[in-house]
Amino acid sequence: MNFLSQHAELVWCIIGCTLVTAIPRVLPVMYLRAEKLPPLLRHWLSFVPVSVMAALLASQIFYYNDKFDPTPGNLYLVAALPSLLVAWKTKSFFGTIIFAMLLVAGARFLGLY
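Here we summarise the structure given alongside this text. (Residues numbered from 1 in each chain as written. Predicted model: local features only at pLDDT ≥ 70, side-chain atom pairs only at ≥ 80, totals over all residues. Heavy atoms only, no water.)

As a further point, take the packing of helix H5 (residues 75–90) against helix H6 (residues 93–109). With their axes 9 Å apart at the nearest point, H5 and H6 run at an angle of 150° to one another. With respect to each other, H5 and H6 are oriented roughly antiparallel. Note on packing geometry: the crossing formed by H5 with H6 is right-handed. Of the residues in H6, those in contact with Leu-75, Tyr-76, Ala-79, Pro-82, Ser-83, Val-86, Ala-87 and Thr-90 of H5 are Thr-96, Phe-99, Ala-100, Leu-103, Val-104, Ala-107 and Arg-108. Grouping the constituent residues of the contact of H5 with H6 by class yields eleven nonpolar, three polar and one charged. (Axes fitted to C-alpha atoms, helices over the stretch in contact; angles between N-to-C directions. Helix = DSSP H or I, 4+ residues; strand = E, 2+ residues; numbered from the N terminus. Parallel < 35°, antiparallel > 145°, perpendicular 65-115°, else oblique. Left-handed = near helix turned anticlockwise from the far one by under 90°. Contact = heavy atoms within 4.5 Å. Nonpolar A, V, L, I, M, F, W, Y, C, P; charged D, E, K, R; others polar.)

Take H5 next. Here H5 spans 23 Å end to end across 16 residues, near enough to the 22 Å set by a 1.5 Å rise per residue. Maximal helix bending in H5 amounts to about 25°, located at Leu-81; proline Pro-82 follows within four positions. When H5 is considered as a whole, its buried residues turn out to be Leu-75, Leu-77, Ala-79, Ala-80 and Ser-83. (Expected span 1.5 Å × (residues − 1). Bend = angle between axes of the 7 residues up to and from the residue. Buried < 20%, exposed > 50% of the residue type's maximum accessible area, 1.4 Å probe, protein only.)

Attention now moves to the side chain of Asn-74. Its place among the elements puts Asn-74 in the loop between strand S2 (67–68) and H5. Setting aside anything within four residues of it in sequence, one finds Asn-74 in contact with Ile-61, Phe-62, Tyr-63, Tyr-64, Asp-69 and Tyr-113.

When you line up the elements, Arg-42 lands in helix H3 (residues 39–45). The exposure class of Arg-42 is partly exposed, given its relative accessible area of 38%. Put simply, Arg-42 and Ala-87 are 45 residues apart on the chain and 25 Å apart in space, counted from C-alpha to C-alpha.

Structure representation (structure tokens):
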């Protein structure tokens, strides 16, 4: 008996998982080239990365100690507010992240949270 006959279900599972993972990534790149899209659709799609980033950040900022906490007792929310100003002023992704990390580390070091 060879490997394929012994583990046919596993091989088919891996092939299926590969297809399910690859198709949603490959098809949009192949068929939705920017030069073929209407301007209105291109404009609408330009908001997708910002929306995804906002959703990821909101879940990390508003949940503190495993619960929803939109109060000043939430260290991440308190650090996020001045970080928004840094992001707006500098337009630097990494600069904003470093600033926010320093705020969180500083607040913990000083025993504020």
